[in-house]
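Below, each chain spelled out in residue letters.
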Amino acid sequence: MKFTDGFWLNREGINIYNAAKVYDMETDKDSITVYAPHLNVQDRGQTLMGPLLTVRFSSPMPDVICVQVYHYKGKADRGPRFDVQKDENIKVKIENNQDYALLKSGNLNVKIGKRDNWRIDFCDNDRPLTNSGWKNMGYVLAGENGAFMKEQLSLGVGECVYGLGERFTPFVKNGQVVDIWNADGGTSSELAYKNIPFYVTNKGYGVFVNDPGCVSFEVASEKVSRVQFSAPGEYLEYYIINGPTIKAVLERYTTLTGKPALPPAWSFGLWLTTSFTTNYDENTVTEFIDGMAKRDLPLHVFHFDCFWMKDYSWCNFEWDERVFPDPENMLKRLKNKGLKICVWINPYIAQRSSMFDEGMKNGYLLKNKNGDVWQCDAWQPGMGIVDFTNPDACIWFADKLARLIDMGVDCFKTDFGERIPIDGVYFDGSDPVKMHNYYTYLYNRVVFEVLNEKLGNSKAMVFARSATVGGQKFPVHWGGDCTANYESMAESLRGGLSLCMSGFGFWSHDISGFEQTATPDVYKRWTAFGLLSSHSRLHGNGSYRVPWLFDEEAVDVLRFFTKLKCSIMPYLFGAACIAAKSGIPVMRAMVTEFMDDPTCDYLDRQYMLGDSLLVAPIFREDGNVTYYLPKGIWTNFITGEKCEGGRWINEDHSYISIPLLVRPNSIIAVGSIDSRPDYDFADGVTLHVFELQDGGETSAVVYNTVGQEELEVTIKRHGDKLTVIKAGIGKPCHILLRGIKNVKSSECYKAINDEKGVIVSPIKDMSSFEITYND
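These remarks concern the structure in this document.

Reading guide: rules and limits
Residues numbered from 1 in each chain as written. Predicted model: local features only at pLDDT ≥ 70, side-chain atom pairs only at ≥ 80, totals over all residues. Heavy atoms only, no water. Helix = DSSP H or I, 4+ residues; strand = E, 2+ residues; numbered from the N terminus. Rg over C-alpha atoms; globule rule 2.2 N^0.38 Å. Buried < 20%, exposed > 50% of the residue type's maximum accessible area, 1.4 Å probe, protein only. Contact = heavy atoms within 4.5 Å. Areas by Shrake-Rupley, 256 points an atom, 1.4 Å probe, with all protein chains shown as cover. Polar contact = N/O pair within 3.5 Å; in protein donor to acceptor, adjacent residues only side chain to side chain. Patch = residues over 30% accessible without salt bridge, like charges linked within 9 Å, V, L, I, M, F, W, Y side chains within 5 Å. Salt bridge = Lys/Arg side-chain N within 4 Å of Asp/Glu carboxyl O. Pairing = 2+ DSSP bridges. Axes fitted to C-alpha atoms, helices over the stretch in contact; angles between N-to-C directions. Expected span 1.5 Å × (residues − 1). Core = buried A, V, L, I, M, F, W, Y, C linked by side-chain atoms within 4.5 Å. Arc of directions from axis to C-beta. Phe/Tyr/Trp six-rings, centres within 6.5 Å; stacked < 30°, edge-to-face > 60°.

Concerning the overall build of the protein chain
Scanning the protein chain from terminus to terminus reveals eleven helices and 49 strands. A compact globule built from 775 residues should have a C-alpha radius of gyration of about 28 Å, and the protein chain, at 28 Å, falls within 12% of that. Principal-axis analysis of the C-alpha atoms places the extent of the protein chain at approximately 90 × 70 × 50 Å. Counting the 775 residues in the protein chain, one finds 63% classified as buried. Of all intrachain contacts in the protein chain linking residues separated by at least 6 positions in sequence, the fraction that spans at least 24 positions is 67%. For the protein chain, the accessible surface area stands at approximately 28800 Å², while carbon and sulfur atoms represent 47% of it.

Overview of the environment of Thr-639
Structurally, the position occupied by Thr-639 is in the loop between strand 36 (633–636) and strand 37 (642–644). Thr-639 sits 21 residues away from Leu-660 along the chain, and the two C-alpha atoms are 9.3 Å apart. A polar contact is formed between the side chain of Thr-639 and the backbone nitrogen of Glu-641, at a distance of 3.2 Å.

A word on a nonpolar patch on the surface
A cluster of nonpolar side chains, Phe-7, Trp-8, Leu-9 and Trp-134, forms an exposed patch at the surface whose accessible area comes to about 540 Å². Relative to the helices and strands, Phe-7 resides in the loop between strand 1 (4–5) and strand 2 (9–10). Residue Phe-7 is classed as partly exposed on the basis of its relative accessible area of 44%.

Here's the deal with the sheet that holds strand 17 (residues 195–201)
Strands sit in the order 4-5-6-7-21-18-17-15 across an open sheet of eight strands; the sheet is antiparallel. The outermost strands of the open sheet, each flanked by one partner alone, are strand 4 (24–27) and strand 15 (161–165). Across this sheet, the average inter-strand angle for adjacent strands is 20°, counted without regard to direction. Pairing of strand 6 (residues 52–61) with strand 7 (residues 64–70), which is carried by six bridges, proceeds in the antiparallel orientation. Residue Phe-57 lies in a different strand from strand 7, and its bridge partner there is Val-67. Docked against the sheet, helix 1 (residues 246–257) engages strand 6, strand 7, strand 17, strand 18 (205–209) and strand 21 (235–242), running at close to 135° with respect to strand 21.

Focus: the sheet that holds strand 19 (residues 216–219)
Pairing within the open sheet is antiparallel, and its six strands lie in the order 3-13-14-20-19-16. One side of each edge strand has no neighbouring strand; the edge strands of this open sheet are strand 3 (15–18) and strand 16 (176–179). Direction aside, the axes of adjacent strands within the sheet are offset by 20° on average. Two strands pair when backbone bridges link them, and strand 14 (residues 147–154) and strand 20 (residues 226–232) are joined in this way by seven bridges, in the antiparallel orientation. If you follow Glu-151 over to strand 20, its bridge partner there is Phe-229.

Describing helix 7 (residues 486–500)
Compared with the 21 Å implied by 1.5 Å per residue over 15 residues, the 21 Å span of helix 7 between its first and last C-alpha is a close match. Across the 15 residues of helix 7, 14 count as buried, placing the element largely inside the fold.

Observations regarding the pattern of salt bridges
Evaluation of the coordinates by the stated rule reveals 39 salt bridges. We note a salt bridge from Arg-537 to Asp-510, for which the minimum N-O separation is 2.6 Å. Residue Arg-537 is found in strand 31 (residues 536–538), and its partner Asp-510 is found in strand 30 (residues 510–511); the two are separated by 27 residues along the sequence. Since its relative accessible area comes to 1%, Arg-537 is described here as buried.

Looking at the nonpolar core
One recurring pattern in soluble globular proteins is that nonpolar side chains are buried together. With 193 residues, the main nonpolar core has Phe-304, Trp-308, Trp-319, Phe-397, Phe-412 and Phe-637 as its most contacted residues. The element that contributes the greatest number of residues to this core is helix 6 (residues 432–455), accounting for eleven residues. The contact partners of Phe-637, leaving out residues within four places of it in the chain, are Leu-564, Ile-568, Leu-613, Leu-660, Val-662, Ile-668, Val-670, His-688, Phe-690 and Arg-738. In this structure, Ala-36, Val-69, Ile-90 and Met-149 belong to the second largest nonpolar core, which totals 47 residues.

Things to note about the pairing of strand 40 (residues 666–670)
Counted residue by residue, strand 40 has five buried out of five residues, so it is predominantly covered. In strand 40, alternate side chains face the same way, and those of Ser-666, Ile-668 and Val-670 on one face and Ile-667 and Ala-669 on the other are all buried. Pairing analysis gives five bridges linking strand 40 to strand 41 (residues 685–690), with the strands arranged antiparallel. Bridged to Ser-666 within strand 41 is Phe-690.

Notes on the side chain of Asp-415
Its place among the elements puts Asp-415 in the loop between strand 27 (411–414) and helix 6. A residue is classified by how much of its surface remains accessible, and Asp-415, at 6% relative accessible area, is buried. Here the side chain of Asp-415 touches Trp-344 through a polar contact of 2.8 Å, side chain to side chain. If near-sequence neighbours (up to four positions away) are discounted, Asp-415 is found in contact with Trp-344, Ile-345, Asn-346, Pro-347, Tyr-443, Arg-465 and Trp-478.

Let's talk about helix 4 (residues 354–362)
Among all positions in helix 4, only Met-355, Phe-356 and Gly-359 are buried. What you see down the axis of helix 4 is that its buried residues fit within an arc of 105°, all on one side. Exposed residues pointing more than 90 degrees away from the buried face of helix 4 are listed as Asp-357 and Lys-361. Buried-residue contacts for helix 4 involve strand 25 (348–349), strand 26 (384–385) and helix 5 (391–407). Two to three positions downstream of the cap, the backbone nitrogen of Met-355 sits 3.0 Å from a side-chain oxygen, assigning the N-cap of helix 4 to Ser-353. Directly beyond the C-terminal end of helix 4, a positive phi value near 75° is found at Gly-363.

Considering the pairing of strand 3
Burial of the side chains of strand 3 is restricted to one face: Ile-16 and Asn-18 are buried, whereas none of Asn-15 and Tyr-17 on the reverse face is. Of the pairings in the sheet, the one linking strand 3 to strand 13 (residues 138–141) comprises four bridges and is antiparallel in character. Bridge assignment links Asn-15 to a residue of strand 13, and that residue is Leu-141.

Quick word on the packing of aromatic side chains
Taken as a whole, this structure holds 51 aromatic pairs when the rule is applied. Ring centres of Trp-314 and Trp-379 lie 5.5 Å apart, and the angle between their planes is 50°; this geometry places the pair in the tilted category. Linking Trp-314 in the loop between strand 23 (301–304) and helix 3 (327–336) with Trp-379 in the loop between helix 4 and strand 26, this pair joins segments that are 65 residues apart in sequence. Using a relative accessible area of 25% as the deciding quantity, one classes Trp-379 as partly exposed. A connected cluster of aromatic rings, assembled from ring pairs, spans Phe-82, Phe-198, Phe-208, Tyr-239, Tyr-253, Tyr-438, Tyr-441, Phe-448 and Phe-474.

Here you go:
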């Protein structure tokens, strides 16, 4: 939101009271509190004139500093509030002298100047990060729009801003105005389903604004050398999060707001759906599933979209008996084929639903100010909205889902949650404006928790569209309503990379687009991209997404990339376990891994899948693609071709191909099965070793399907010798030295030449052994 008219003037009707100078200060053992008037006080009479800002600096955990800015402190906090964690044992260092006061937490410090105009500096030890100075922090009166608190933090030359949720606009947010307001806007506009008031920069720090309401960001827009953020009301709270790397920032941010849960291994497989408005019954579903098996297309999850329930009745959580007369036995038949089952839900209750009267009678639905149930005709006629601030409503909603879980449903697509009114009355008295964004957190938490309760740890997941801060704890999230063309494929990727820069570990999208029907060309190119995402779902609106409806080559493409994904699940699930432990996402923007390479700052048509695989989707019908490789010798995982990095590459690819490059000094763990995503990853795993440099070392960890380490291998190179150090539970494994032709024989291992290199298989379970080769 803009308040100024250029550098010198305010917009009409706007009055701004900026912090002018430190007037007084108080310190205690863990905080500094500053009192800053809006003018430079010269005599006592001027102390009679407000406003006076109260600014408190503290630290909830090492390398994170919290800034709380108050105008009026007396306004009641009705909630909701983000669940922000705090280390109760945090120790900070405070220095206070005539010139400045300083609070240090870990390597991060804030310095508040006392002598001159208002100035606060945030530094990583002595390395400047950002600052707030003259005319930056302030209180704003905006006429009929009310009061706002604002802050403006500096941006350095070449500094790029990322994140702020799943945004389909340009990946680098500089020059954009971003309002944190969840909306059902598809992937082709500035609106977003998942708005997160958190950004990170290529300078190695992040900023989190702790407000679930409509925070407005002016990212190098109102002031081109600053990020302004403002929020309605009398109070503003934000956190500076130190790196110095983007990865470290994401680790600390997710420690503050919650780590992603680890999705079940089966969820990484191929999903197929009924699509949305298509006609289907059990025969249709079975025909599709059997058609996939007949064509040797591994399928792992089948999803029933909205019309599994009767029209005009969403949600009643009852199968439409006209097309699914025996749902329980139908689910048994499908699960006997090895499938997991997902069904669509939303938090809205149509008036025709059998649940509406029950919810109305018991006070489970959102109300108007006069006590009536809040209703509208958008989406479902006469629909009400479940009030998840009412504990009994949560139990009621969860019990309905529990019955479906008992029937055989494994997960729920938690659609919607963005169209939340700002004039409703909540059971717990929460502010309805702030509930607009926060509602999705409560909705997805209830669904995730009932799945966790019924199925057990590491077995719960949702497939969610909307999100706010903390929503990363309830994966997985998908990109919403995209269109069947290359432009929408590219905007989907931008949105996913932005979300993964916002603390979310896992992301998916509708392969080949939701709206309209893709050409065979787009279907096949999007399939390759989709199967090299963390989660992979074929879904559409008015047409089906089985590949043979496009062409026979689409069948081959889907088969190839599905089996490829299943085969690299030991590596991919390892990246998932890292995401759950650290908050570092599975799909990573190039700048996340290569902060020291400025070419990577703006790259948004390629990404890293885990820390070692580079993926460059193809967005052209002629199969031509241009992508950038950072320095080093990279290897095409599929073909074995080597390529020198530090430059742009231009290539042509068939449909059974995509730039999938392995970073030098890497190990890719490849499993023994290519038909399922959930198997014993460590049993018979082959560790593909790429471009291990002399004097270097690399390692890999293989986990089981519940996230426990089963194998850890470290390989060190000295000249022509490799030292292999192995720890684990004794399951057989192999080492494939990619691109190596000659290995000396040894009584410790068996060596077999392969078209991709040499496969080394230890003869017995040894903790270490040496391999000698000539490369």
